[in-house]
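As a plain string of letters, each chain reads:
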Amino acid sequence: MSDNGQQGTFPYPGIPTTADGTAAVVWVDSHVTTGACAYPITSSTAMGVGYQMEVANGKKNVWDQPLSFIELESEHSSASTCEGYALAGGRVSNFTSGQGLILMKEVLYAISGKRLPAVFQIGARAMTSQSLNVHAGHDDVMGVSDCGWGILFVRNAQEAGDMALIARRAAEDSKTPFLNVQDGFLTTHTVEKVLLPEPEMMKKFIGAPEEKLVNLMNPLVPLMSGVVQNQDSYMKGKIAQRFYYDNVLGAIQTAMDEFYQLTGRRYQPADAYRLDDADYAIVGMGGMLETAQATVDWLRREEDLKVGTLHITCFRPFPGPQIVEALKDVKAIAVVERMDDPQAQSNPLAAEIKAAFADALTGRPGYPKIDRMPVIYAGAAGLGSRDVRAGDFVATAHMMANEDDAHRYFVLGIKHELSLPVDNDPDVRPEGAFSMRGHSVGGYGSVTTNKVIATIAGDLFGMDVQAYPKYGSEKKGLPTTYYLTIGKDHIRTHCELTDVDFIPLNDINAFYTGNPLVGLADGGTLFVQVPYEDPAEVWSRIPDYAKKILRKKNARVLSLNAAKIAREVATDPSLEVRMQGIVLLGIFLKTTPFVEESGVSEEELMASVEKSLRKYFGRRGEQTVQDNLTCVRRGFAEVFEIPAEVMAT
């Protein structure tokens, strides 16, 4: 998205709130569809759950039509049910990921062949090609890229919701189904400040189902679909489909242009950033391209290295002419992908870009005329949500600038002979940003607390936020890390945080499984949860190596027995463990600068806290909301600081 924010006046600027990619998609689909079919699979499950909750609550779409949700016994069955739903003229959605998407593949061909404009929401996930992994990878989407569907990729939660609308509009205008793809967990579960499309805007932009869709199963208008065709007919019908596909890219561009006119948020099939004068370009799809954008700004400012980025928003249909136009003047291109296909000539995106330049060089009509092509490097990064950092993109830019032919194929983020060495990993967060890295245990409620903090920071303090957990396939009782950044500008760093201002340890054992103080800023704050009320006793439980770091950094150390508070407050004993995490919200609000800077009273603060708690816990009943609020109040009131004289011992 090249213009997130309104330059001028637009009729539908959006409803400001905080949401993750899942919530943004559910918001859109529950307003414009008539139904959804799904089978739960990580990381898309939360989308299906969110939609199902809207159905259970009796929500109707913007045309006052009731919603329906069908959970089938497999992903293949859910796709088949979507096919039938669309054949009958329904506006349908599906939520899937990874192996689930691949299991659907047989049905995906049938849906596109029948010109059914369904939209499936994807939490892109690495495939079980080396081991089981439930995290981000683009293997699944590339595995179905030949099925005749449009494929759009997004970088953040804002784009996840917006592209759900754009995909729907383009699908129905071109009679072609679409996949709307966000990175599993890294986008689906990352809370950010977003502008949700207004119901009125969605109603105008999409149009009523009965005006846009055709019921092919109407007994009053009988026809046959999915017929058998032999040698004389099959090829004629298959090639005739190009009539539709030739119009898909135009439908996407029209949808994006009209979306901009209504909202002020600009998208392009190939979205360029600082390429006008660039010597080098980093190209890719998904959230890591935002990290690349922030790194490009740093490279230009600190090293005077002219680098830009190109995000391929639309992978299908492939916008070859636009990509060549954007990249034709650079010296070199690094194509970074979330997958690795060792037996192919190149990974999918790199192969397509090379083919586009070959067409341009040989004078294919519709392409820019060029007499040279840039050097194209291809690489893999972020497989299975492996961290992709600013330092990786600095190394990528240096590789291109140094004409490093030894790494025509490279990898980022691991130790391997193909890897690019990282010499500098700069902090590319927005100026003045405040970051937290928490170390907790699965089941303590810390991840939810992190989301609530982000919601309050966005809604009450008017800040930009980004909150996300480092999930594993592990469950309750095992270590969890969670991250939060708050700033005045859009936060583009989709990577694990090493530069932080506040480190809460919900489990003091984190001191013995690593060094949780890495990256703590000078004058930063540490919170430790221990069952002691005497500051000297708390300090004695911190290992010597950590004490030295805390003294050197002139850090503040806070403590509180949050588990004791949770036991005393929780009306429902099953929620005791989770409620100790919510105590941290009160501690965060008491010890960080945002309450004081905002000028809100404690009464106003707690009213906002209650509103946010209701958003996350309201479905559990009023008593649960009030119990959580009491935990926050006590954390706010009872947290204590270890005196400097105690820390000196």
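Just so it is clear, the model here is predicted, and its values are computed rather than measured.

Along its length, the chain carries 25 helices and 22 strands. Taken against the 2.2 N^0.38 rule, which gives 26 Å for 649 residues, the C-alpha radius of gyration of the chain at 26 Å falls within 12% of a compact globule. Based on the C-alpha atoms only, the size of the chain along its principal axes is roughly 90 × 60 × 50 Å. Across the 649 residues of the chain, 59% fall into the buried class. Considering only contacts in the chain between residues 6 or more positions apart, those separated by 24 or more positions represent 79%. The positive charge centre, built from 62 side chains, and the negative charge centre, built from 81, are 2 Å apart in the chain.

Attention now goes to the sheet that holds strand β12 (residues 314-316). Spatial strand order, β3-β2-β4-β5-β7-β6-β12: seven strands in an open sheet with mixed pairing. The open sheet has two edge strands, β3 (68-71) and β12, and neither has a second partner. Across the sheet, the axes of successive neighbouring strands diverge by a mean angle of 20°, strand direction being ignored. As defined by bridge partners, strand β6 (residues 150-153) adjoins β12 across two bridges and the pair is classed as antiparallel. Looking across to β12, one finds that Leu152 is bridged to Cys314. Helix-sheet contacts for helix α7 (residues 157-174) involve β4 (92-96), β5 (119-124), β6 and β7 (178-183), and the interaxial angle to β7 is about 165°.

Okay, the pairing of strand β13 (residues 332-337) next. Among the six residues that make up β13, six are buried, leaving the element largely enclosed by the rest of the structure. Pairing geometry for β13 and strand β14 (residues 375-380), over six bridges, is parallel. From the neighbouring strand, Ile333 faces β14, where its bridge partner is Ile376. Since β13 and β14 lie parallel, the crossover through helix α15 (residues 348-361) that links them has a hand, and here it is right-handed.

Moving on, we come to unusual backbone geometry. Residue Ser43 follows Thr42 across a cis peptide bond; omega there is 5°. You can see Ser43 is positioned in the loop between β2 (35-38) and α2 (45-56). In this structure, Pro317 follows Arg316 across a cis peptide bond, with omega equal to -5°. One can find Pro317 in the loop between β12 and α14 (320-327). Positive phi, normally seen in glycine, also occurs at Arg115, with a value near 60°. Looking at where Arg115 falls in the secondary structure, it is placed in the loop between α5 (105-113) and β5. The backbone phi angle of Ser385 is positive, close to 70°, even though this residue is not glycine. One can find Ser385 in the loop between β14 and α16 (390-401).

A contiguous nonpolar surface patch, about 350 Å² in accessible area, is contributed by Tyr234, Met235 and Ile239. Mapped onto the elements, Met235 comes out in helix α10 (residues 234-240). By relative accessible area, Met235 is classed as exposed at 59%.

Phe120, Val283, Leu327, Leu349 and Ile353 are the most contacted members of the largest nonpolar core, which totals 54 residues. For this core, the element with the highest residue contribution is α15, accounting for six residues. Leu327 has contacts with Leu275, Ala281, Val283, Leu310, Ile333, Phe357 and Pro374, leaving out every residue within four places of it along the chain.

So, on to helix α8 (residues 199-206). Among all positions in α8, only Met201, Met202, Phe205 and Ile206 are buried. The buried residues of α8 occupy one face: seen down the axis, they fall within an arc of 105°. Residues of α8 that are buried sit in contact with α1 (21-32), α7, α9 (209-212) and α12 (248-263). Positive phi appears at Gly207, one or two residues downstream of α8, with a value of about 90°.

Right, let's get into the environment of Ile15. Along the chain, the position of Ile15 falls in strand β1 (residues 15-19). Its relative accessible area of 33% is what places Ile15 among the partly exposed residues. Here the alpha-carbon distance between Ile15 and Tyr267, two residues 252 residues apart in the chain, equals 19 Å.

Attention shifts here to the pairing of strand β11 (residues 307-312). The buried count for β11 comes to six of six residues, which makes it a mostly enclosed element. Neither face of β11 is left uncovered, since the one carrying Val307, Thr309 and His311 and the one carrying Gly308, Leu310 and Ile312 both have all their residues buried. Note that strand β9 (residues 270-273) and β11 share four bridges and pair antiparallel. Bridging across to β11, Tyr273 finds its partner in Thr309. Relative to β11, strand β10 (residues 280-284) is paired through five bridges, and the arrangement is parallel. Looking at β11, one finds that Ala281 is bridged to Gly308. Traced from β10 through helix α13 (residues 288-303) to β11, the parallel crossover comes out right-handed.

On to the side chain of Arg168, then. Relative to the assigned elements, Arg168 resides in helix α7. Given a relative accessible area of 1%, Arg168 falls into the buried group. With residues near it in sequence (within four places) discarded, Arg168 still touches Asp29, Thr33, Arg91, Val92, Ser93, Pro117, Ala118, Val119 and Ile206.

Our focus in this paragraph is the side chain of Ser419. Relative to the assigned elements, Ser419 resides in the loop between β15 (409-411) and β16 (434-441). Those residues in contact with Ser419 that lie beyond four places of it in its chain are His407, Val411 and Ile414.

Quick look at the sheet that holds β11 now. Across the sheet, which stays open at both edges, the six strands sit in the order β9-β11-β10-β13-β14-β15 with mixed pairing between neighbours. The sheet is open, and its two borders are formed by β9 and β15, each paired with just one other strand. Along the sheet, successive strands turn relative to each other by an average axial angle of 25°, direction set aside. In this fold α13 packs onto β9, β10, β11 and β13, with an angle of close to 165° to the strand it touches most, β11. Contacts from α14 reach β9, β10, β11 and β13 within the one sheet, and its direction differs from that of β11 by about 175°.

Definitions and cut-offs
- Residues numbered from 1 in each chain as written.
- Predicted model: local features only at pLDDT ≥ 70, side-chain atom pairs only at ≥ 80, totals over all residues.
- Heavy atoms only, no water.
- Helix = DSSP H or I, 4+ residues; strand = E, 2+ residues; numbered from the N terminus.
- Rg over C-alpha atoms; globule rule 2.2 N^0.38 Å.
- Buried < 20%, exposed > 50% of the residue type's maximum accessible area, 1.4 Å probe, protein only.
- Contact = heavy atoms within 4.5 Å.
- Lys, Arg positive; Asp, Glu negative; His and termini not counted.
- Charge placed at Lys NZ, Arg CZ, Asp CG, Glu CD.
- Pairing = 2+ DSSP bridges.
- Axes fitted to C-alpha atoms, helices over the stretch in contact; angles between N-to-C directions.
- Right-handed = clockwise from strand over helix to strand, strands pointing away.
- Patch = residues over 30% accessible without salt bridge, like charges linked within 9 Å, V, L, I, M, F, W, Y side chains within 5 Å.
- Areas by Shrake-Rupley, 256 points an atom, 1.4 Å probe, with all protein chains shown as cover.
- Salt bridge = Lys/Arg side-chain N within 4 Å of Asp/Glu carboxyl O.
- Core = buried A, V, L, I, M, F, W, Y, C linked by side-chain atoms within 4.5 Å.
- Arc of directions from axis to C-beta.

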